[in-house]
Amino acid sequence: VDALLLIDHHCHSLVTRDLDRDSFEGLLNEGSTPGPLGGSYFDSLLGLAVRRWCAPVLDLPAHAPPEDYLDRRAGLGAAEVNRRFLRAAELAALYVDTGITAEPLLDLQALGAAAGAETAEVVRLEQVADEVDGTAAGFAQAFRERLAVRARNAIGVKSIAAYRHGLALGARPPSRVEVTAAAGRWMASGTTLADETLHRFLIWSAVDLGLPIQFHVGYGDQDLDLDQVNPLLLTHLLRAIEPTGVPVMLLHNYPFHREAAYLAQVFSNVFMDVGLAVHNTGRRAKNVLAEAMELVPFGKLLFSSDAYGLAELYYLGALLFRRALTELLAEGVADGDLTDADAARIAALVGAGNARRVYGRDAATAR
Ligand SMILES: [Zn+2]
């Protein structure tokens with residue numbers, strides 16, 4: 001696994017500014033601040049992993065205190081820090097969700113150059129909907145045309161219905177009349193798109209396009225209602241999409257990674273990862289991955305970091321994933337339940353081969 005260049009099939013990009021302690025801790029995990037009474041986010045499994053694994057990449061001893069770590073980080077500057085961690089992650093490719101526009105991030109070309117890796121874009125459906133102008137009656141066609149243009153060079157699309165409406169979505173494509181009525185309500189409201197009919201329309205438009213569709217599932221920041229993002233809520237929709245053969249990628253999933261593993265087993269076109277949870281659970285990442293691997297067929301599991309903002313998260317996502325997968329496979333070999341050759345083959349599938357196959361990149365990234 002150490003020798004394997006990973007494909008990170010879901011990540012975002014990096015902030016380019018230098019970070020003080022508050023902004024660093026704010027980007028470290030899905031919370032924004034531990035609050036005045038909550039101590040520091042460095043006191044978490046993720047914080048311990050930063051000190052243990054990231055400090056040496058910045059030429060500090062392992063377990064360096066947070067103050068020393070942040071001083072050294074500031075001294076090196078954001079560009080050098082970003083380059084060091086991205087290189088150390090040893091990635092073959094990054095598939096980047098370009099839908100976060102809250103602040104300027106490294107563009108795909110610069111990100112790829114820093115990582116020494118291929119990059120490809122994943123287009124957010126809701127962002128495409130925001131780019132459409134015109135009337136409610138013209139929305140359906142205008143959206144489809146805009147999506148076709150935006151997705152021309154993309155590797156996949158992504159739905160953030162989880163953040164807006166939750167994953168309790170109906171199964172069938174909505175009719176033109178239903179889309180027009182829903183678009184009219186949305187345009188009149190002046191609010192963010194968060195309508196069940198419209199999310200379903202966006203998703204079925206993407207199905208017609210045929211590119212893999214990523215869904216945010218499970219764990220995320222405070223904007224999310226976690227009780228509305230269990231992937232089992234997608235069951236009817238997944239059943240309806242399955243005959244099309246369009247790949248559905250369930251992202252993150254924690255703490256519903258066992259549910260996602262079940263869905264990946266029973267639906268032929270469903271795939272999953274445990275991104276975000278891997279770095280957030282630090283030394284317990286192995287347990288999360290082990291739970292996912294109870295049911296998921298090995299051809300249905302992918303690597304992702306879900307890194308956003310901090311370069312450390314690409315590195316830790318890759319490092320902790322490699323460490324967890326190595327330990328799980330090595331235990332299996334030691335117990336006599338699989339051979340060395342099985343372990344090597346499974347690692348190659350999960351680390352990169354599945355992503356290449358599902359996103360149609362077999363020729364592009366063969367090495
Ligand atoms: Zn993400």
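Residue indices follow the written sequence of each chain, beginning from 1 at its first position. For a predicted model such as this one, the threshold for reporting local features is a pLDDT of at least 70, and the threshold for listing and counting side-chain atom pairs is 80 or more; totals across whole chains, interfaces and linings nevertheless cover every residue. Calculation of side-chain values draws on the structure's entire complement of heavy atoms; hydrogens and water are dropped beforehand.

Quick word on the pattern of salt bridges
What counts, and what does not: We define a salt bridge as a contact between a side-chain nitrogen of Lys or Arg and a carboxyl oxygen of Asp or Glu at a distance within 4 Å. Under the scheme used here, helices are H or I runs from DSSP no shorter than 4 residues and strands are E runs no shorter than 2 residues, and both carry numbers assigned from the N terminus. Relative accessibility decides the category of a residue: with a 1.4 Å probe and only protein chains considered, values under 20% of the type maximum give buried, values over 50% give exposed, and everything between is partly exposed.
One pass over the structure, following the stated rule, counts 22 salt bridges. When the shortest N-O distance is used, the salt bridge between Glu 25 and Arg 21 registers 2.7 Å. With Glu 25 and Arg 21 both in helix 1 (residues 21-28) and four residues apart, this pair spans about one turn of that helix. In this structure Arg 21 comes out as partly exposed when scored by relative accessible area, which is 30%. Through salt bridges with shared partners, a single ionic network connects Asp 59, Arg 72, Glu 80, Arg 83 and Arg 84.

What to know about the packing of helix 2 (residues 45-54) against helix 15 (residues 311-334)
For clarity, the cut-off: Under this scheme, a helix contributes an axis fitted over its contacting stretch, all axes are lines through C-alpha atoms, and angles between N-to-C directions fall in the 0 to 180 degree range. In these notes the angle categories are as follows: under 35 degrees is roughly parallel, over 145 is roughly antiparallel, 65 to 115 is roughly perpendicular, and the rest is oblique. Should any heavy atoms of two residues lie within 4.5 Å, those residues are counted as being in contact. In this classification, the charged set is Asp, Glu, Lys and Arg, the nonpolar set is Ala, Val, Leu, Ile, Met, Phe, Trp, Tyr, Cys and Pro, and all remaining amino acids, among them Gly, are polar.
Remark: helix 2 packs on helix 15, axes separated minimally by 11 Å, with the N-to-C direction vectors making an angle of 90°. In terms of their interaxial angle, helix 2 and helix 15 are classed as roughly perpendicular. Together, Leu 46, Ala 49, Val 50, Trp 53 and Cys 54 of helix 2 and Glu 312, Leu 313, Tyr 315, Leu 316, Leu 319, Leu 320 and Arg 323 of helix 15 make up the contact between the two elements. Split by residue class, the contact of helix 2 with helix 15 holds 10 nonpolar, no polar and two charged.

Observations concerning helix 14 (residues 285-292)
Heads up, the rule is: The arc in question is traced by the directions running from the helix axis to the C-beta atoms.
Within helix 14, burial applies to Ala 285, Val 288, Leu 289 and Ala 292. Projected onto a plane normal to the axis of helix 14, the buried residues spread over an arc of 95° and lie on a single side. Buried residues along helix 14 sit in contact with helix 12 (257-266), strand 7 (270-272), helix 13 (277-280) and helix 15.

A word on the packing of aromatic side chains
To keep things clear, this is the line we draw: Here a pair means two rings of Phe, Tyr or Trp (six-membered ring of Trp) with centres within 6.5 Å. Their orientation is stacked below 30 degrees between planes, edge-to-face above 60, and tilted elsewhere. A ring is considered to have a charge above it if a Lys NZ or an Arg CZ atom is located within 6 Å of its centre and within 35 degrees of its normal.
One pass over the full model with this rule turns up 10 aromatic pairs. A centroid spacing of 5.0 Å and a plane angle of 65° characterise the contact between Tyr 95 and Tyr 359, whose relative ring orientation is edge-to-face. In this pair, Tyr 95 sits in strand 2 (residues 91-97) while Tyr 359 sits in the segment after helix 16 (340-358), placing the two residues 264 residues apart along the sequence. Across this residue pair, the class does not change: Tyr 95 and Tyr 359 are buried. A centroid spacing of 5.9 Å and a plane angle of 80° characterise the contact between Phe 139 and Trp 186, whose relative ring orientation is edge-to-face. Placement of Phe 139 in helix 7 (residues 136-150) and of Trp 186 in helix 9 (residues 176-189) is noted, with a sequence separation of 47 residues between them. What links up through ring pairs into an aromatic cluster is the set Phe 139, Phe 143, Trp 186 and Phe 201. Its end group placed over the ring of Trp 53, Arg 52 keeps NZ or CZ at 3.7 Å from the ring centre. Lying across the ring of Phe 271, Lys 300 places its NZ or CZ 5.3 Å from the centre.

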